[in-house]
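# Structural description and commentary
Residue strings, one per chain:
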Amino acid sequence: MFGYVRAFKPYMRMCEYDTYNAVYCGLCKEIGRRFGFAPRFSLSYDFTFLALVDMSLNKVELCAEKQRCFAHPLKKKFCVCCSNGLEYSSSSAMLLVYHKLKDDLQDKDFKSKVRALLLLPFFRGPYKKASVVYPELAKKIEEQMIAQRKLEIEKCASVDRAAEPTAMIMKEIFGALGSDSNRSVLERFGYLLGRFIYICDAFDDVREDYKKGNYNPLLLIFDMKSDDKNIQDEQFERIKAYVSDSINFTLGELAESYVKLEIEKYKPIIDNIIYLGLKNVSDMVKAERFKKKQREVKDNE
């Protein structure tokens, strides 16, 4: 569910790259201050994007200073030290990660179950803290995760229906950032971003789900069953073509919603993510390079 919303760094100016990383590092430290050390490892660039949109809409001035990082203790890095703009993103992260781990407990994959079982105790406290501050958001996320599980149990063969809970979760998260004047646009924006995330994630897992017989609407829509260990090239290309059309449509609608937000502050960075980053991620996913690249990025962070 996480990791698909990120910038295209080759097209960022140095000052933009430094700001982007400073928000990421500041969010990591904010999670550490509010929720403890272990939850910091759950951070992804998705929440950095949420923080940037939050800071932009609320016109938060960037306040950053060089600090040491537990991942890079020998070298100081620029880190945002203003909590306003980071508090909501860090809380949203805890709500989502907790429910993702709970969902993984239902997974057929043994490794996913064990990982979730080991990590959940570290996220129960942070989840409770975040849900006290944002009870309505916590409730709506839980409702949509239950709806997602029901769709998986009934083996829903519609990608649109299967993507709906994730889209609705992101609709609620981004909608909460808005005022009366722009809430509906933010909700539409979040909905489309959630749809993009779900489709990318489903395609990313399609080979593995086929091999293991796991639920994946992209397999069911073409009535593909795991009679063999590996999905056939012709079948894979059919799914890829469908995903490409669906993602292109979603990104087009997303760009239209984004323009209506009239973003000004941190606009070059957010523009990069919307117009270049998401396209680059979808291209890597379709080329089956995203998971490998993501591991390399994590190793260098």
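Refer to the structure above for everything that follows.
Along each chain, residues carry numbers from 1 onward, in the same order as the chain's sequence is written. Local features in this predicted model are restricted to residues whose pLDDT is 70 or higher, and side-chain atom pairs enter the listing and the counts only when it is 80 or higher, whereas totals over whole chains, interfaces and linings include all residues. The side-chain numbers reported here are obtained from all heavy atoms of the structure, hydrogens and water having been left aside.

Runs of H or I in DSSP of at least four residues are treated as helices and runs of E of at least two as strands, each being numbered from the N terminus. From N to C terminus, the protein includes twelve helices and two strands. Secondary structure of the protein in N-to-C order comes out as α-α-β-β-α-α-α-α-α-α-α-α-α-α. At 19 Å, the protein has a C-alpha radius of gyration in line with the 19 Å of a compact globule built from 301 residues. Dimensions of the protein along its principal axes, counting C-alpha atoms only, are 55 × 40 × 40 Å. Partly exposed residues are those whose accessible area sits between 20% and 50% of the maximum for their type, while under 20% is buried and over 50% is exposed, using a 1.4 Å probe and protein chains only. Looking at the protein as a whole, 52% of its 301 residues are labelled buried. Should any heavy atoms of two residues lie within 4.5 Å, those residues are counted as being in contact. Partitioning the intrachain contacts of the protein with sequence separation of at least 6 by distance along the chain shows that 69% fall at a separation of at least 24. Total accessible area on the protein is roughly 14,900 Å²; 52% of this is exposed by carbon and sulfur atoms. For the purpose of counting charges, residues Lys and Arg are taken to be positive, whereas Asp and Glu are taken to be negative. His and the chain ends are not included. Where a charge sits is defined by one atom per residue type, namely NZ (Lys), CZ (Arg), CG (Asp) or CD (Glu). With 50 positive and 44 negative side-chain charges, the protein shows a separation of 6 Å between the mean positions of the two kinds. Taken over C-alpha atoms, the radius of gyration is set against a globule rule of 2.2 Å times the number of residues to the power 0.38. Accessible areas in this description were obtained via Shrake-Rupley with a 1.4 Å probe; residue shielding takes into account the shown protein chains only.

Next up on the list: the side chain of R40. Locating R40 in the fold gives a position in the loop between α1 (14-35) and α2 (45-57). For the buried R40, no salt bridge exists, and the shortest N-O distance to an oppositely charged side chain is 10 Å, to E30. Definition of a polar contact: a pair of N or O atoms within 3.5 Å, with one able to donate and the other able to accept a hydrogen when the atoms are protein atoms, and with sequence-neighbouring residues admitted only if both atoms are side-chain atoms. Of the polar contacts made by the side chain of R40, one reaches the backbone oxygen of C28; its length is 3.3 Å. Once residues lying within four places of it in the same chain are set aside, the contact partners of R40 are C28, K29, I31, G32 and F70. In the sections that follow, a salt bridge refers to a side-chain nitrogen of Lys or Arg positioned within 4 Å of a carboxyl oxygen of Asp or Glu.

What follows deals with the side chain of R195. Structurally, R195 is set in helix α7 (residues 183-204). With sequence-adjacent residues up to four places away left out, R195 is seen in contact with D160, A163, A167, S246 and T250.

A separate point is helix α10 (residues 233-261). Because each turn of an α-helix spans 3.6 residues, side chains separated by three or four positions in sequence point in the same direction. Taking 1.5 Å per residue, 29 residues should reach 42 Å; α10 reaches 41 Å between its end C-alpha atoms and fits that length. Just downstream of α10 lies E262, where phi reads positive at about 55°. For a helix, the expected span equals 1.5 Å multiplied by the residue count minus one.

Turning our eyes to something else, we now look at the packing of aromatic side chains. Each aromatic ring pair is summarised here by two numbers: the centre-to-centre distance and the angle between the ring planes. When the centres of two rings from Phe, Tyr and Trp lie within 6.5 Å, Trp using its six-membered ring, the rings pair. Their planes under 30 degrees apart give stacked, over 60 give edge-to-face, and anything left gives tilted. Evaluation of the coordinates by the stated rule reveals 14 aromatic pairs. Seen from their ring centres, F203 and F236 are 5.3 Å apart, and the 35° between their planes marks the pair as tilted. Pair noted here: F203 is in helix α7 and F236 is in helix α10, with a separation of 33 residues, a long-range link. Across the pair, exposure class does not vary: F203 and F236 are buried alike.

This next bit is on the pattern of salt bridges. This model, assessed by the stated rule, comprises 17 salt bridges. Between E152 and R149 there is a salt bridge, with its nearest N and O atoms 2.9 Å apart. Of this pair, E152 and R149 both sit in helix α5 (residues 135-153), three residues apart, which is roughly one turn of that helix. When salt bridges that share partners are traced, they join K100, D104 and R115 into one network.

It is worth spelling out empty space enclosed by the protein at this point. The distinction between a cavity and a pocket rests on a 1 Å grid over the protein atoms alone: a 1.4 Å probe fits inside a cavity but cannot get out, while a pocket stays open yet meets protein on both sides within 12 Å along at least five of seven lines, and a residue with an atom within 4 Å of a point counts as lining. Grid points are joined across faces, edges and corners, and a volume is the space filled by probe spheres set on the points. The final tally for this structure, using the stated rule, is one cavity of 30 Å³ or more. Roughly 120 Å³ of internal volume is contained in the largest cavity. In this structure, the largest cavity is lined by 14 residues; those nearest its centre are D46, F47, L96, M170 and I197. For the lining of the largest cavity, the secondary-structure elements that each account for two or more residues are α2, α6 (159-175) and α7. Across the lining of the largest cavity, the residue classes tally to twelve nonpolar, one polar and one charged. Polarity classes work like this: nonpolar for Ala, Val, Leu, Ile, Met, Phe, Trp, Tyr, Cys and Pro, charged for Asp, Glu, Lys and Arg, and polar for all others, with Gly in that last group.

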